[in-house]
Amino acid sequence: MSTTLIRGGTVVSSTGSSLQDVLVDGERIVALLAPGTSVLGDVAAGAAQVIDATGKYVIPGGIDAHTHMELPFGGTFASDTFETGSRAAAWGGTTTIVDFAVQTYGQSVQDQLAVWHEKAAGNCAVDYAFHQIIGDVNDESLKAMDELIGEGVTSFKLFMAYPGVFLSSDGQIVRAMQTAAGNGGLIMMHAENGSAIDVLVQQALARGETDPYYHGVTRPWQTEQEATHRAVMLADITGAPLYVVHVSAKQALARIAEARNAGMNVFGETCPQYLYLSLEEQLGAPGFEGAKWVCSTPLRSRAEGHQDELWKYIRTGDVTTVSTDHCPFCMKDQKELGIGDFSKIPNGIGSVEHRMDLLFQGVKDGKISLEKWVDVCCTTPARMFGLYGPKGVIAPGADADIVVYDPNGHTSISVDTHHMNMDYSAWEGYEIDGHVDVVLSRGTVIKDESGYVGTKGHGRFVKRALSQNLL
Ligand code: URP
Ligand code: ZN
Ligand code: ZN
Ligand code: ZN
């Protein structure tokens, strides 16, 4: 096994930053060294490989706790496979992805999880884990939730949206939450009032309002706040911890903050698209262009000020994690399914490659601290999803999942240069004041200044523990 010394950098954790050298032996970090310490310097002098991180940040590898590689949706599949999507993650400094295995009506949870294992095994550039979507809550799937805890799949996504596809009734949600309260699992909630939305969608289409913009208009913030409130109340009844995914409405986050202030185990996740993009500018782009940004929950109005409020909730800790909800579809033949009917546009945006950069821009812009960046992108996702220790921290004994990030570098985002399997970029023209220089996954350099140098199949399935998610 080889040793690597990362020398001269500033190690940034979720709680502070200091100049330290990082010594890696094999797959693990073995020591943090005060720069110039002579005895330890001798050890370090034997390192087979030295990475100069002078003037750069040395951070834990990013953990993207919300991706959908190859997701079946609306008659097509998300365009990144585990191979292409995990490679793009590596380019962007993300060394662990947590993807969603999907069970829907009439399917066996265990069979479906096996399908997702098959899709991912041997194909990933970085380590991966799974959440389980429970689309059909019944006696069998509740039993499977108990079984999955022992298999390292310790979080379960339920839907209050998509009637006829994924939606759970309130009664089903209560049963699943009771199960999670009993087995220590975490309930993840897609909180939108799907029945109300479906009516608004049909009415809009009947009026001839078929452009992508109306995807946003027919999913107003009230449908998100109402569902979030209901989810919080059902969590209160059952005692289940609740993690609300892809929150975009400031009113929904206010509800989450209120629950947290009352001492509840409730957490909010947002995504880069909700921090930067808007209903008016992107979904409202001319013609069919807005289809590039059709996702659910939808982008929110800039005039209403959701984006700034979301940054505020990152600072207050009510948004605990920033994930991408990476769910890419090409315009050609995929998003185009919804020409003339926005409800047929497959929902999703691809950002797995850009999350670390986009959030670092928030540091540069003075919206969040350097430590908060590491907290929401690396450390809290690890704690929240039972990965902490091996992942999410630079410390002796941890996996050597490490990113050397250059705050003086530059990244231009474009379809011409990105590595996701998409024929457009939702972030075209974004200029980032920072750059992912080197990425190590369990001690192996998988990306350096020459580009991607990893291998398909290096990434392993990670069995997750229960969340360390107490307030
Ligand atoms: O639009 C989205 N978010 N697509 C992915 C599926 C989901 O609901 O997370
Ligand atoms: Zn969702
Ligand atoms: Zn999602
Ligand atoms: Zn660079």
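All values derive from a computational prediction rather than experimental measurement. (Residues numbered from 1 in each chain as written. Chains lettered and ligands numbered in written order. Predicted model: local features only at pLDDT ≥ 70, side-chain atom pairs only at ≥ 80, totals over all residues. Heavy atoms only, no water.)

### Quick look at the UniProt feature "domain: Amidohydrolase-related" (unreviewed entry) in the protein chain
Stated precisely, the cut-off is as follows: UniProt positions are given in the numbering used here, feature names are shortened, and annotations may be inferred rather than shown by experiment. In DSSP terms, a helix is any run of H or I states spanning at least four residues, a strand is any run of E spanning at least two, and both are numbered starting from the N terminus.
As annotated by UniProt and renumbered to match this structure, "domain: Amidohydrolase-related" (unreviewed entry) occupies residues 57-445. Across residues 57-445, helical content stands at 37% and strand content at 19%; the span's end C-alpha atoms are separated by 16 Å.

### Some words on the coordination of the zinc ion (ligand 2)
To keep it simple, the criterion reads: Coordination shells were defined by N, O and S atoms within 2.8 Å of each metal, extended to 3.2 Å for Na, K and Ca; water is absent from the atom set, which can make sites look incomplete.
Distances from the zinc ion (ligand 2) to its protein donors, K157 (NZ), H190 (ND1) and H246 (NE2), fall within 2.1 Å. For the zinc ion (ligand 2), the single-chain donor residues occur in sequence as K-x32-H-x55-H. Here the zinc ion (ligand 3) and the zinc ion (ligand 2) are spaced 4.1 Å from one another. Of this pair, H190 sits in strand β14 (residues 186-190) while H246 is found in the loop between β15 (242-244) and α9 (250-261), placing the two residues 56 residues apart along the sequence.

### Some points on the site of ligand 1
This is how it is decided: One heavy atom suffices: a residue is near a molecule or strand as soon as one of its heavy atoms comes within 4 Å of it. The definition of a polar contact used here is a pair of N or O atoms within 3.5 Å, where within protein one atom must be able to donate a hydrogen and the other to accept one, and adjacent residues in sequence count solely through side-chain atom pairs. Residue-level accessible areas treat just the shown protein chains as cover; the underlying method is Shrake-Rupley with a 1.4 Å probe. The pocket and cavity definitions rest on a 1 Å grid over protein atoms only: a 1.4 Å probe that fits but cannot leave marks a cavity, an open set with protein on both sides within 12 Å along at least five of seven lines marks a pocket, and residues lining either have an atom within 4 Å of a point. Pocket or cavity membership: a molecule qualifies when more than half of its atoms sit within 2 Å of the grid points of that site. Residues were grouped as follows: Ala, Val, Leu, Ile, Met, Phe, Trp, Tyr, Cys and Pro as nonpolar; Asp, Glu, Lys and Arg as charged; and all remaining residues, including Gly, as polar.
Surrounding ligand 1, one finds H66, H68, K157, F159, H190, H246, C295, S296, D325, C327, N347 and G348. A distance of 3.2 Å separates an oxygen atom of ligand 1 from a polar side-chain atom of H68. For ligand 1, whose free accessible area comes to 260 Å², the fraction covered by protein is 98%. Here ligand 1 is seated within the largest cavity. Of the residues that constitute the shell around ligand 1, the class distribution is three nonpolar, seven polar and two charged.

### Comments concerning the sheet that holds strand β21 (residues 435-441)
Short version of the rule: Here, a strand pair is defined by DSSP locating no fewer than two bridges between the strands.
Across the sheet, which stays open at both edges, the seven strands sit in the order β3-β2-β7-β18-β21-β22-β23 with mixed pairing between neighbours. A single partner strand is all that each edge strand has here, and the edge strands are β3 (17-19) and β23 (451-452). Note: strand β18 (residues 402-406) against β21, five bridges, orientation antiparallel. Among the inter-strand pairings, D406 is bridged to a residue of β21, identified as H435.

### Side note on the coordination of the zinc ion (ligand 3)
Let me state the cut-off plainly: In this scheme, a residue with accessible area under 20% of its type's maximum is buried, one over 50% is exposed, and one in between is partly exposed, where area comes from a 1.4 Å probe on protein chains only.
Within the protein, the atoms that donate to the zinc ion (ligand 3) are H66 (NE2), H68 (NE2) and D325 (OD), at distances of 2.0 to 2.1 Å. Read from N- to C-terminus, the donor residues coordinating the zinc ion (ligand 3) fall into the pattern H-x1-H-x256-D. Given the relative accessible area of 0%, H66 is considered buried. According to the relative accessible area criterion, D325 is buried, its value standing at 8%.

### Some words on the layout of surface pockets
Stated precisely, the cut-off is as follows: Grid points are joined across faces, edges and corners, and a volume is the space filled by probe spheres set on the points.
Reported here for the largest pocket is a volume of approximately 560 Å³. Lining the largest pocket are 24 residues, and of these F73, G74, Y162, V165 and S343 lie nearest its centre. Mapped by element, the contributors of at least two residues to the lining of the largest pocket are β9 (72-73) and α6 (194-206). For the lining of the largest pocket, the leading source of residues is α6, giving five residues. Classifying every residue of the lining of the largest pocket by side-chain character gives 14 nonpolar, seven polar and three charged.

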